[in-house]
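Observations on chain architecture
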Amino acid sequence: VQLQAYGGGLVQAGGSLRLSCAASGRTFSSYAMGWFRQAPGKGREFVAAITWSGGNTYYADSVKGRFTISRDNAKNTVYLQMNSLKPEDTAVYYCAAQWKVVSISPADYTYWGQGTQVTVSS
């Protein structure tokens, strides 16, 4: 599976962005998907995850109520809608894929996209 994340950019605090992650391959619907982020000088942290069916979603406490993960298996794409953005959301955002089993640990994900920069100005 090859993943390509896009949709990042510069936004003011309180604004919104929608990230997309397009996947190649015919088995996308069998993969759990996750979004992670990494700020300068920090480790990669969990943001959100969704099961292969889209029936269950998981969020980090820091983004709960502001971010929404979703997927369209017909389009081989997973999304991260980010609202009420804060300067502390500034990071490179990565999408990742894991066969069948959803996880909040980056170590469990097999495939990674290249990352897209999100910068939130105060």
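Quick look at the structure, then. (Residues numbered from 1 in each chain as written. Predicted model: local features only at pLDDT ≥ 70, side-chain atom pairs only at ≥ 80, totals over all residues. Heavy atoms only, no water.)

1. Notes on the environment of serine 20
Examined against the element boundaries, serine 20 turns out to sit in strand S3 (residues 17-23). Beyond its immediate stretch of four places on either side in the chain, serine 20 contacts Gln4, Ala5, Tyr6, Trp35, Thr77, Val78 and Tyr79. (Helix = DSSP H or I, 4+ residues; strand = E, 2+ residues; numbered from the N terminus. Contact = heavy atoms within 4.5 Å.)

2. A closer look at the pairing of strand S5 (residues 45-50)
Among the 6 residues that make up S5, 5 are buried, leaving the element largely enclosed by the rest of the structure. As paired elements, strand S4 (residues 31-38) and S5 share 5 bridges and run antiparallel to each other. Each bridged residue has a counterpart across the sheet, and for phenylalanine 36 the counterpart in S5 is phenylalanine 46. As consecutive antiparallel partners, S4 and S5 are separated by 6 residues, and within that stretch glycine 41 has a phi angle of approximately 80°, a positive value. For S5 and strand S6 (residues 57-59), the ladder comprises 3 bridges, and the chain directions are antiparallel. For alanine 49, the partnering residue across the bridge sits in S6 and is tyrosine 58. (Buried < 20%, exposed > 50% of the residue type's maximum accessible area, 1.4 Å probe, protein only. Pairing = 2+ DSSP bridges.)

3. Here's the deal with the packing of aromatic side chains
Aromatic ring pairs are defined here through the distance separating the ring centres and the angle between the ring planes. Inspection of every chain in the model, using the stated rule, returns 7 aromatic pairs. Plain terms: the ring middles of phenylalanine 36 and tryptophan 112 are 5.2 Å apart, the flat faces sit at 50° to each other, and that makes the pair tilted. In this pair, phenylalanine 36 sits in strand S4 while tryptophan 112 sits in strand S10 (residues 111-112), placing the two residues 76 residues apart along the sequence. The buried category is assigned to phenylalanine 36, whose relative accessible area is 0%. What makes tryptophan 112 partly exposed here is its relative accessible area of 26%. Considering the side-chain rings of tyrosine 94 and tryptophan 112, the 6.4 Å spacing of their centres and the 75° angle between planes classify their relative orientation as edge-to-face. (Phe/Tyr/Trp six-rings, centres within 6.5 Å; stacked < 30°, edge-to-face > 60°.)

These values are about where atoms sit, not about what they do.
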